[in-house]
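If you want the building blocks of each chain, they are given just below.
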Amino acid sequence: MALIDWTNDFETGIVQVDDQHRKLVEIVNKFDEAAKRGKGSRVMNEILTDLLSYTAEHFVDEEKLMEDAEYPKLKQHKSQHRQLLQKVERLQFEFDQQGKRITVEVREFLKYWLINHILKEDKAYVPTLMQKS
Ligand SMILES: [Fe+2]
């Protein structure tokens, strides 16, 4: 079973955003799969590196959309993005140092982050983006 099942609740209705969110869910599920199979930390690190670079790319695109639409909470949203990236970077560092022991924490954080951020924070900008597009 996948860690995160994509459901309609995740859909923002903005194609580019939804495609990227789907890809993020895929990478997080891949991390979970690898963790379950007891893959070595090299593989896990590769997946986390993938996740970090894809997430950074996604955030740039998302922030551009919010900027273009003059989303009033852009500043707060951007700082959330920064915090999320920093946290994943820190987790990756700890993971690298401590091996499998923090896999559970990484999984729980990624799951919470994706679900919570997409469902709450990202959904909040949808009306503004729809209106301006
Ligand atoms: Fe976001």
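Structure first, text after, so check above.
In this numbering scheme, every chain counts its residues from 1 along its sequence in written order. In keeping with the predicted nature of the model, local features appear solely for residues at pLDDT of at least 70, side-chain atom pairs appear and are counted solely at 80 or more, and the whole-chain, interface and lining totals rest on all residues.

1. A look at the overall build of the chain
Our working definition: Secondary structure follows DSSP: runs of H or I at least 4 residues long count as helices, runs of E at least 2 residues long count as strands, and numbering of each begins at the N terminus. Only C-alpha atoms enter the radius of gyration; for comparison, a globular chain is expected to reach 2.2 Å times N to the power 0.38, where N is the number of residues. Three exposure classes are used. Buried residues have 20 or more other C-beta atoms within 10 Å of their own C-beta, exposed residues have 12 or fewer, and partly exposed residues fall in between, all C-beta atoms being placed from the backbone.
Each helix and strand counted, the chain has 4 helices and 0 strands in total. Start at the N end of the chain and walk to the C end: the helices and strands fall as α-α-α-α. Here the chain has a C-alpha radius of gyration of 15 Å; the compact-globule value for 133 residues is 14 Å, and the two agree. Over its C-alpha atoms, taken along the principal directions, the chain stretches across nearly 45 × 30 × 20 Å. A buried classification covers 19% of the 133 residues belonging to the chain.

2. A look at the nonpolar core
Note the threshold: Residues enter a nonpolar core if they are buried, belong to Ala, Val, Leu, Ile, Met, Phe, Trp, Tyr or Cys, and are joined to the set through C-beta atoms within 7 Å. By definition, residues are in contact whenever their C-beta atoms, placed on the basis of the backbone, come within 7 Å of each other.
If you look at the biggest cluster of nonpolar residues, it comprises 14 residues, and the most contacted ones within it are Val28, Phe31, Leu48, Leu51 and Leu114. Where this core is concerned, the elements lending two or more residues are helix H1 (15-36), helix H2 (41-68), helix H3 (74-98) and helix H4 (103-132). Beyond its immediate sequence surroundings of up to four residues, Val28 is in contact with Leu3, Ile4, Leu51, Leu110, Lys111 and Leu114.

3. Brief notes about H1
The criterion, for reference: Here a helix's expected span is defined as the number of its residues, less one, multiplied by 1.5 Å. Throughout, the arc means the angular range of directions from the helix axis out to the C-beta atoms.
Here H1 spans 31 Å end to end across 22 residues, near enough to the 32 Å set by a 1.5 Å rise per residue. Looking at H1, one finds that the buried residues are Val17, His21, Leu24, Val25, Val28, Phe31 and Asp32. All buried residues of H1 fall inside an arc of 115° around its axis, so they share one side. Away from its buried face, by an angle of more than 90 degrees, H1 presents the exposed residues Val15, Gln16, Asp19 and Arg22. On its buried face, H1 is in contact with H2 and H4. Following H1 by one or two positions, Gly38 has its phi on the positive side, about 65°.

4. Description of H4
Each full turn of the α-helix corresponds to 3.6 residues, which orients residues three or four apart in the same direction. Its 30 residues give H4 an end-to-end C-alpha distance of 41 Å, which sits within 8% of 44 Å, the value for a rise of 1.5 Å per residue. Three or more residues of H4 are buried, namely Thr103, Val106, Leu110, Leu114, Ile118, Asp122 and Tyr125. Buried residues along H4 sit in contact with H1, H2 and H3.

5. Comments concerning the environment of Asn29
As for its placement among the helices and strands, Asn29 is situated in helix H1. Taking C-alpha positions, Asn29 is 22 Å from Gln80, a pair spaced 51 residues apart along the chain. If sequence neighbours within four positions are ignored, Asn29 has contacts with Ala2, Leu3 and Ile4.

6. Side note on the packing of H1 against H2
The axes of two packed helices give the description: the angle between them and the distance between them. The cut-off we apply is this: The convention used is that axes are lines fitted to C-alpha atoms, helices contributing only their stretch in contact, and that angles between N-to-C directions extend from 0 to 180 degrees. Here the angle decides the label: under 35 degrees means roughly parallel, over 145 means roughly antiparallel, 65 to 115 means roughly perpendicular, and every other value means oblique. Note: crossing handedness is left-handed where the near helix turns anticlockwise from the far helix by less than a right angle, and right-handed where it turns clockwise. Gly is placed with the polar residues, together with every amino acid not listed as nonpolar (Ala, Val, Leu, Ile, Met, Phe, Trp, Tyr, Cys and Pro) or charged (Asp, Glu, Lys and Arg).
Remark: H1 packs on H2, axes separated minimally by 10 Å, with the N-to-C direction vectors making an angle of 165°. Compared by their axis directions, H1 and H2 come out roughly antiparallel. Considering only the axes of H1 and H2, their crossing is left-handed. Together, Gln16, Val17, Gln20, Lys23, Leu24, Ile27, Val28, Lys30, Phe31, Ala34 and Ala35 of H1 and Val43, Met44, Ile47, Leu48, Asp50, Leu51, Tyr54, Thr55, His58, Asp61 and Glu62 of H2 make up the contact between the two elements. Among the residues making up the contact of H1 with H2, the classes are represented as 13 nonpolar, 4 polar and 5 charged.

7. Brief notes about the environment of Ala35
Following the sequence through the fold, Ala35 ends up in helix H1. A C-alpha to C-alpha distance of 8.6 Å links Ala35 and Val104, two positions 69 residues apart in sequence. When residues no more than four places from it in sequence are discounted, the contact partners of Ala35 are Met44, Thr103 and Arg107.

Keep in mind that these numbers describe shape and distance, not what the molecule does.
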